[in-house]
Amino acid sequence: ELLGGVTPFSPNPINDGRDFRWGLGEVRLGVRHDAGRLPWIYDAITLGFQIRAPLGQPPIELNDHYVHARPSISASRQLPWPHTTLLTELSYDRQLGGRLSHPPPGVAHRNVIEVAPGLLYKPGEFGWFANYAFRHISEDMSSHLGHECKVGGIWDVPLARSAKWGLPGKWQLELGYRYTTEESVGRSQGLTARVHWSTTLREMLSQSAK
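Model, not experiment: these values are computed from the prediction.

Engineer: Please explain the pattern of salt bridges as it appears in this structure.
Structural biologist: Two side chains carrying opposite charge are able to pair once their charged atoms lie near each other. Taken as a whole and judged by the stated rule, the model has 12 salt bridges. Glu1 is the salt-bridge partner of Arg32, the closest N and O atoms lying 3.1 Å from each other. Remark: Glu1 occurs in the segment before strand S1 (2–9) and Arg32 occurs in strand S2 (residues 23–34); sequence separation between them is 31 residues. Residue Arg32 is classed as partly exposed on the basis of its relative accessible area, which comes to 40%. We classify Glu1 as exposed; its relative accessible area is 55%. Across the pair Glu89 and Arg70 runs a salt bridge whose closest N-O atoms are separated by 3.3 Å. A residue pair is termed long-range when its members are at least 10 positions apart, and Glu89 in strand S5 (residues 84–99) and Arg70 in strand S4 (residues 66–78) qualify at 19 residues. Assessed through its relative accessible area of 22%, Glu89 is described here as partly exposed.

Engineer: What exactly am I supposed to notice about a nonpolar patch on the surface here?
Structural biologist: On the surface, a cluster of nonpolar side chains totalling about 620 Å² of accessible area is made up of Leu47, Ile73, Leu90, Tyr92, Ile113, Val115, Tyr132 and Phe134. Of all elements in the fold, only S5, strand S6 (110–121) and strand S7 (126–139) reach the threshold of two or more residues within the nonpolar patch. By the secondary structure assignment, Leu47 is in strand S3 (residues 44–55). When its relative accessible area of 38% is taken as the criterion, Leu47 is described as partly exposed.

What counts and what doesn't
Residues numbered from 1 in each chain as written. Predicted model: local features only at pLDDT ≥ 70, side-chain atom pairs only at ≥ 80, totals over all residues. Heavy atoms only, no water. Salt bridge = Lys/Arg side-chain N within 4 Å of Asp/Glu carboxyl O. Helix = DSSP H or I, 4+ residues; strand = E, 2+ residues; numbered from the N terminus. Buried < 20%, exposed > 50% of the residue type's maximum accessible area, 1.4 Å probe, protein only. Patch = residues over 30% accessible without salt bridge, like charges linked within 9 Å, V, L, I, M, F, W, Y side chains within 5 Å. Areas by Shrake-Rupley, 256 points an atom, 1.4 Å probe, with all protein chains shown as cover.

So this is what it looks like as structure tokens:
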């Protein structure tokens, strides 16, 4: 499976500041391969590789202005409880030497190993999730650890409803609370929202012809 997309950013409607602006943010290109299953442990295993690069001058929280290469292994297992899935991901985010923009002062060169288990409960179009991420962060002169916890809900918009709204493809909305801590950096918390949209060229062309 080949993947591609753009992650835009928008201004915070509550607080302003130097990043109170709109922009494209970053571009992502990747590939995923279904590697089958691991009997008695995981029902499905996926191997992935992704490249992401900045577009313009995005906020550091979105992209540190460097090109990143990220191999990963994702696995899932259906638990005995109804509609509950165990998710696990192991990834290595490698910051490449080349950069496509001018990084702001203080941006460190870093590589991150992450192990991220999580639970997903989804009996229908609505569901909830809980994720934890453990990170080993290597910089030029030192290394340290980081942690992130996130809980929230998701809504898989039914195809009939999105079609009624004139929106081609499949839409998923996510809203959650995130708490992050990193040694020598500090901690942060707040709400996080994400909109995931997948479609095909055929769907877009058929929608524009109407």
